[in-house]
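# Chains, contacts and geometry: an overview
Given next are the chains, with one letter for each unit.
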Amino acid sequence: STPDPGVGQVSSVRPTSLDLNGSGVTPSVGSEATAPATDPDSESLNNEAVLGAPGATPSNPNGPRVGQSSVLAGLSEDQLLLGRVQPFWVPDSDAPNCMICSSKFTMVKRRHHCRACGKVLCAPCCSEKHALHYLEGKEGRVCTPCRTILSRLATAETANT
């Protein structure tokens, strides 16, 4: 009086591959799954929709600011605050190497913190000086990338006054 295992049950077919096309139909057992041939040139024509604001870049996804100087074009919000806000300093224990050139710190090659971004750097990568607003205009040691950005900010500030 035990039920027969094959009677009254619906057998389910186990798929052999994933539905990557999104058609809702998975290939059945024994059938060949072929992807439609696509031409790379025709595919680029289908994907012409550009997302984001006009003039958006990966570092500035909202696009250029209205009334912003072309000198500041492409800078992120964090970059626009360089020198105005004291940065979080990366602890020395978290940086066995320079965060720009990856040279290993030793007893001779010392660690230096950029006063603009807070990264731990070697002397060649952090040898620039620039006046910082959060230090009340005093010059602080900054890395080469921050010096470039701070110079752009200073140029835009003098152009606006």
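Look up: the structure comes first, before these words.
What this report covers is the structure whose coordinates are included nearby. (Residues numbered from 1 in each chain as written. Predicted model: local features only at pLDDT ≥ 70, side-chain atom pairs only at ≥ 80, totals over all residues. Heavy atoms only, no water.)

## With respect to the overall build of the chain
Selection rule: Helix numbering and strand numbering both begin at the N terminus, where a helix is a DSSP run of H or I of at least 4 residues and a strand a DSSP run of E of at least 2. Relative accessibility decides the category of a residue: with a 1.4 Å probe and only protein chains considered, values under 20% of the type maximum give buried, values over 50% give exposed, and everything between is partly exposed. In what follows, a contact means two residues having at least one pair of non-hydrogen atoms within 4.5 Å. The protein chains shown are the only cover counted for residues, whose accessible areas, like all others here, come from Shrake-Rupley with a 1.4 Å probe.
If you tally the helices and strands in the chain, you get 3 helices and 4 strands. Secondary structure elements of the chain occur, N-terminal to C-terminal, as α-α-β-β-β-β-α. Within the span of the chain, comprising 161 residues, buried residues form 22% of the whole. Contacts in the chain between residues at least 24 apart in sequence constitute 38% of all its contacts with a sequence separation of at least 6. Surface exposure of the chain reaches about 12000 Å², of which carbon and sulfur atoms provide 55%.

## Examining the pattern of salt bridges
Going by this rule: Within this document, salt bridges are pairs made up of a side-chain nitrogen of Lys or Arg and a carboxyl oxygen of Asp or Glu, the two lying within 4 Å of each other.
Across all of its chains, the model carries 2 salt bridges by this definition. Residue Arg84 is joined to Glu157 by a salt bridge in which the shortest nitrogen-to-oxygen separation is 2.8 Å. Remark: Glu157 occurs in helix α3 (residues 144–160) and Arg84 occurs in the loop between α2 (77–80) and β1 (112–113); sequence separation between them is 73 residues.

## Considering the environment of Leu82
Locating Leu82 in the fold gives a position in the loop between α2 and β1. Look at Leu82 and you get buried, because its relative accessible area is 11%. Taking the C-alpha atoms as reference, Leu82 lies 9.2 Å from Arg115; in sequence the two are 33 residues apart. Non-local contacts of Leu82, meaning those with residues more than four positions away in its chain, are made with Ala116, Cys117, Cys146, Ile149, Leu150 and Leu153.

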